[in-house]
Structures are given as C-alpha cells and as structure tokens.
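# Structure assessment
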Amino acid sequence: MYDELTEVDIKKMQEEIDHRILVLRPQYIKEVQEARAFGDLSENFEYKEAKRQKNRNESRIRYLQRMIRTARVVKTDHAEGKVGLFDYVTLYLPEDDEEMEVHLVTTLRVDAGGGHISRESPLGRAIFGRRVGDTVTVQVNADVSYPVTIRGIRPGADDENLPISQY
C-alpha cells in the first residue's frame, strides 16, 4: 500500500525526521538518563514518562520514514475546469440545503474541521476530476450515501505553510 504525496509533503516529512533525530532524540535520551538517576525505577514516574516520550519520538520517526519509503509522488497539475489536488471546491448539499467549501489535500495534510479533506476520503474520491454542475453521490459505506453538487472550483496550489498531520 502507498500514500499519494507531493514533493512538498516529502520535504516536510524529511524536515520533521531531521528535527526529531538531531534535536529531540538527544534531548529525550538525556531526560531518560537524568530520570534514571532518581533511583528506584519501579516507582519512578519521571523515568516512565521520559521513556514514553522517547519511544513516542522513535515511533514517529519510523512512521514518517515508512511513509516516505512507500509514497507514490503525485503531480499537482490537472485539467482546467476539473477538480484537482489542492483546489477549493464549493459544494451544495441538497439534503441540508446548504453550501460548504472544502480544500482537497493529500492524506498527510487532512484537517476536516478546517475544511481540508483528503483526496482519498469518500467525498474527495467522489468529487475529484469532476466539473462545476456535476452532481455526484458520496458513498460513505454500504449503507450511507448522500448527493452533492459542485457549484464552484477555485484553483489552489501546494502550500508549504499547510502543516502535515500529527498523531
């Protein structure tokens, strides 16, 4: 399995890996050593917490390295007038009689509360490559689906300021 990521996604992940290895790893190792010096490890909360933080950092490093290793790099260019990666899309939801705007992003930059949805999400898959005026059915699962109409497409670009997701 692979994730579709952009060059910017990979660059941001590599920067985080470098920061975690060069800055955080030595800091967490030092904290573990200092906490170990407090004595009895079975009742030493500081030691357990320092180990937990160190292990969490190592886990994040492994996760990011695996994402980079298995990534499929995608281009952000797309056909004019069609919904593409990083575009802002205005949708009409007839069931609620309301409009909403979503920003189509890679899986690494998802923030559903902020309107950034993944291209791989049910909504993202349904609208990707469609045109203004198209009505599509978003299939959430075998039992749940809903229609949306594309009312507008505002071209976007791969923004380096959009953060990558944390745990």
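Just so you know, these numbers come straight off a predicted model, no measurement behind them.

## With respect to the UniProt feature "domain: Transcription elongation factor GreA/GreB C-terminal" (unreviewed entry) in the chain
The UniProt entry lists residues 80-153 under the feature "domain: Transcription elongation factor GreA/GreB C-terminal" (unreviewed entry), expressed in the numbering used here. In the segment residues 80-153, helix accounts for 8% and strand for 42%; the C-alpha atoms at its two ends are 10 Å apart.

## Examining the sheet that holds strand 7 (residues 145-154)
The strand order across the open sheet formed by five strands is 5-4-3-7-6, and the pairing between neighbours is mixed. Strands at the two margins of the open sheet, each flanked by one partner only, are strand 5 (116-118) and strand 6 (135-139). In this sheet, adjacent strand axes meet at a mean angle of 45° when their direction is disregarded. Here five bridges tie strand 3 (residues 88-93) to strand 7, and the two strands are oriented antiparallel to one another. Looking across to strand 7, one finds that Thr-90 is bridged to Gly-152.

## Details of helix 1 (residues 7-36)
When the terminal C-alpha atoms of helix 1 are compared, their 41 Å separation across 30 residues agrees well with the 44 Å that a helix rising 1.5 Å per residue should span. Along its length, helix 1 reaches its greatest deviation from straightness, about 40°, at Leu-24, and the proline Pro-26 lies no more than four positions downstream. Of the residues making up helix 1, those classed as buried are Val-8, Asp-9, Ile-10, Lys-12, Met-13, Glu-16, Ile-17, Arg-20, Leu-24, Tyr-28, Val-32 and Ala-35. Of the surrounding elements, those touching the buried residues of helix 1 are strand 1 (4-5), helix 2 (45-70) and strand 2 (72-73).

## Describing helix 2
Compared with the 38 Å implied by 1.5 Å per residue over 26 residues, the 37 Å span of helix 2 between its first and last C-alpha is a close match. For helix 2, the complete set of buried residues consists of Tyr-47, Ala-50, Asn-57, Glu-58, Arg-60, Ile-61, Leu-64 and Met-67.

## Overview of the environment of Ile-61
Residue placement: Ile-61 occurs in helix 2. Note on Ile-61: relative accessible area 3%, which makes it buried. A C-alpha to C-alpha distance of 20 Å links Ile-61 and Lys-48, two positions 13 residues apart in sequence. Here Ile-61 is in contact with Ile-17, Arg-20, Ile-21 and Arg-25, once residues within four sequence places are set aside.

## Some thoughts on the pattern of salt bridges
Counted under the stated rule, the structure contains 13 salt bridges. Of the charged contacts, one joins Lys-30 and Glu-34 as a salt bridge, the two residues approaching to 3.9 Å between their closest N and O atoms. Residue Lys-30 and its partner Glu-34 are both found in helix 1; the two are separated by four residues, about one turn of the helix. The partly exposed category is assigned to Glu-34, whose relative accessible area is 42%. The structure contains a network of salt bridges with shared partners spanning Glu-4, Arg-72 and Arg-119.

## Focus: the packing of aromatic side chains
For any pair of aromatic rings, geometry is given as the distance between the ring centres together with the angle between the planes. Applying the stated criterion across every chain yields a total of zero aromatic pairs. The side chain of Arg-119 reaches across the aromatic face of Phe-128, ending 4.0 Å from its centre. The ring of Tyr-92 has Arg-151 lying over it, and the distance from NZ or CZ to the ring centre is 3.9 Å.

Each value, and the rule that gives it
Residues numbered from 1 in each chain as written. Predicted model: local features only at pLDDT ≥ 70, side-chain atom pairs only at ≥ 80, totals over all residues. Heavy atoms only, no water. UniProt positions renumbered as here; feature names shortened; annotations may be inferred. Helix = DSSP H or I, 4+ residues; strand = E, 2+ residues; numbered from the N terminus. Pairing = 2+ DSSP bridges. Axes fitted to C-alpha atoms, helices over the stretch in contact; angles between N-to-C directions. Expected span 1.5 Å × (residues − 1). Bend = angle between axes of the 7 residues up to and from the residue. Buried < 20%, exposed > 50% of the residue type's maximum accessible area, 1.4 Å probe, protein only. Contact = heavy atoms within 4.5 Å. Salt bridge = Lys/Arg side-chain N within 4 Å of Asp/Glu carboxyl O. Phe/Tyr/Trp six-rings, centres within 6.5 Å; stacked < 30°, edge-to-face > 60°. Lys NZ or Arg CZ within 6 Å of the ring centre and 35° of its normal.

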